[in-house]
Amino acid sequence: MSKNFYITTPIYYPSGKPHMGHAYSSIIADIFARFKRIEGYNVLFLTGTDEHGQKIQKEAEKNKKDPQIFCDELSSTFKSLTKTLNLSNDDFIRTTESRHFKSVNEIWNRLVKSGDIYLDKYSGWYSVSDEAFYDDDEIEDKDGKKISRLSGSSVEWVEENSYFFKLSAWQDKLLEYYKKNKDFILPLSRRNEVVSFVEKGLKDLSISRTSFSWGIPVPTNNDHVIYVWLDALTNYISALNFPDTNDRKFRNFWPADVHIIGKDILRFHAIYWPAFLFAAELPLPKRIFGHGWILSDEKKMSKSLGNILDPIQIITKYGVDQLRYYLVKEVSLGNDGSISMENLKNCINNDLANNYGNLCQRVFSFVKKNCNNKIPKANNLKEVDLKLIGNIKSSVPSLINLINKQDLNSYLKMIVSFSFEANKYFNDSEPWTYKMRDPERMNTILYTIIEQIKNISILLNPIIPNSTQTVLETLNISQDKFSIENVLKDNIFNHNQELKNLDILFKKIENDN
RNA sequence: GGCGAGGUAGCUCAGUUGGUUAGAGCACAGGACUCAUAAGCCUGGGGUCGGCGGUUCGAAUCCGCCCCUCGCUACCA
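These numbers come from a predicted model, not from an experiment.

Rules used throughout
- Residues numbered from 1 in each chain as written.
- Chains lettered and ligands numbered in written order.
- Predicted model: local features only at pLDDT ≥ 70, side-chain atom pairs only at ≥ 80, totals over all residues.
- Heavy atoms only, no water.
- Buried < 20%, exposed > 50% of the residue type's maximum accessible area, 1.4 Å probe, protein only.
- Helix = DSSP H or I, 4+ residues; strand = E, 2+ residues; numbered from the N terminus.
- Pairing = 2+ DSSP bridges.
- Right-handed = clockwise from strand over helix to strand, strands pointing away.
- Near = heavy atom within 4 Å.
- Polar contact = N/O pair within 3.5 Å; in protein donor to acceptor, adjacent residues only side chain to side chain.
- Salt bridge = Lys/Arg side-chain N within 4 Å of Asp/Glu carboxyl O.

Peer 1: Describe the pairing of strand β1 (residues 4-12), listing the residues and the values that go with them.
Peer 2: Within β1, eight of the nine residues are buried, which leaves it mostly tucked inside the rest of the structure. Relative to strand β2 (residues 42-49), β1 runs parallel, the two sharing seven bridges. Its bridge partner being in β2, Asn4 is matched across the sheet by Asn42. For the segment spanning β1, helix α1 (residues 20-38) and β2, crossover handedness is right-handed.

Listed below in structure tokens is the structure:
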């Protein structure tokens, strides 16, 4: 029986260009997906785009394009981002696909059947320019006109027929669920926010609109389209061929192991989505992980501040592994994190070029010069040798545990410490002094350090897939051997095959760059 | 306003149930080495652990008050 693992990113709303936030969610999710694969799981990793709504419809009209064609273009931008970020997603779902229509229809019908949907009026102060509703206390009078306190734009009272979802009815059941499943929402601080929000009481949710048409029609009333969250969230099961609950994908992968999301959409995932699923009598995902925001030099990125760090630009300039590594290293997953070009440079130079990159370089070039470019055989491993290799192997259970808790920062830290350890071992062992007087000892040292490089590279593979693949292939280890199992296994090397040539893995970034 | 998180070296952060000279990485200074991307290794300087008071033989760690920062406080996504 194989172990399954289902992980998702949010589906992105493509009204703007992909930015660092999108990149971050996707990279984080990809790292977990890749790790679970090398751990031996059968992984389904899903990402995609959320394409309905008024904003897209208006944009399409403005561009004089058919909304579907317009969406095709927007979505392809995000699809190409998956390549740029080197994501290993198994599927890319779009809410405009027919499989999603079917799935949303079924969800709607189930909610009707359970008695959770009713027709009423939705009313409130609406600002056309902000495309947002405001509460009474967010409105003020100015020259006899009502305006939004926040944006200053004028608002009007609108009333619209709308279907509602009885969110309030699920309040107790949600709280009970949070209580029973302490790690349903992570990190804990986010869980507390959600719990206290629900405790304050839930209002019913408007789930349809008549003011625009770009969406999935309400099955029994085509004047309405199904509004955003009920539509968008359902993507997670649409990709599993819901409503066919006997489908192999659905059976294997639902409930999802973890939805990776940004904290800005936590409520929808931690409250609405579980409530919808309760009502539809479907199991709930095992975990919602809400990460923080990426800030640029301590501030939110904005055009006016001119501090936007564009992931695509950074990748073009420095490389995709470099960005992936840096984001994991610098941002404490779960909290907001600050990134800057200065720190990116330091990180690439220190961690990647000097530490891991140079470790590989110094060892491989030594082997080339002194061992006919073949991995030497060990004989008579000493205690220092066994200790070096033993440390990393005995850490594997804790490393797996860290990943299961989504504690990527500690995971990375631990592996970096192995890289330090390896550099120190190489220094202290001084293999160059054994060239003449004890080649067997030299060989043993080299074998040991290569074993360590192999293990570090496999464990780092989920984070920096390209560079570690280069290193492992230099050692003639093929991709099907990248596994945790092979970290635990000694000597998977072919001692008769010459090593491939290793170019500089990470170029250093100079100041004038 | 209410609820929550946090304030530890120049910077980013670790510090399990209170216990010996408070740790890591980066940055900075010095040293020995040479396999390597002038990389790596060793040593060192640097902290009234936000402030005040309390409990205790002993507190960064527990209690009280105060100061500061940040998050959440529903239908743009």
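Having seen it, we continue.
Peer 1: Tell me about the protein's contact with RNA strand B, and name the residues and values.
Peer 2: Around RNA strand B, the surrounding shell holds 46 residues, and the nearest of these are Lys203, Arg267, Asn358, Arg362 and Lys369. Close to the protein, within 4 Å, the atoms of RNA strand B belong to sugar or phosphate groups at a rate of 68%. One nitrogen or oxygen atom from the side chain of Asp50 is found 2.8 Å from a sugar or linking oxygen belonging to RNA strand B. Backbone polar atom of Lys203 to a base nitrogen of RNA strand B: 2.6 Å apart, as the coordinates give it.

Peer 1: Explain unusual backbone geometry to me, and be specific about the residues and the numbers.
Peer 2: The step from Leu186 to Pro187 runs through a cis peptide bond, and the omega angle for that step is -5 degrees. One can find Pro187 in the loop between β9 (185-186) and α6 (188-199). In this structure, the amide linkage connecting Phe242 to the following residue, Pro243, adopts the cis form with an omega of 10 degrees. Mapped onto the elements of the fold, Pro243 is located in the loop between α8 (235-238) and α9 (248-253). The phi dihedral of Asn373 falls on the positive side, at around 60 degrees, and the residue is not glycine. Relative to the assigned elements, Asn373 resides in the loop between α13 (341-370) and α14 (383-394).

Peer 1: Describe in detail the pattern of salt bridges, supporting the description with residues and values.
Peer 2: Following the criterion strictly, the structure yields 22 salt bridges and no others. The salt bridge partner of Lys65 is Glu73, with a shortest N-O separation of 3.2 Å. Using a relative accessible area of 34% as the deciding quantity, one classes Lys65 as partly exposed. A salt bridge links Arg441 to Asp385; its shortest N-O distance comes to 2.7 Å. A residue pair is termed long-range when its members are at least 10 positions apart, and Arg441 in helix α18 (residues 439-460) and Asp385 in helix α14 qualify at 56 residues. Taking relative accessible area as the criterion, Asp385 reaches 0% and is therefore assigned buried. Linked by salt bridges that have partners in common, Lys393, Glu451, Lys454 and Asp490 make up one network.

Peer 1: For helix α12 (residues 320-330), give the residues involved together with the corresponding values.
Peer 2: α12 sits mainly inside the fold: nine of its eleven residues count as buried. Of all the residues in α12, the buried ones are Val320, Asp321, Gln322, Leu323, Arg324, Tyr325, Tyr326, Leu327 and Val328.

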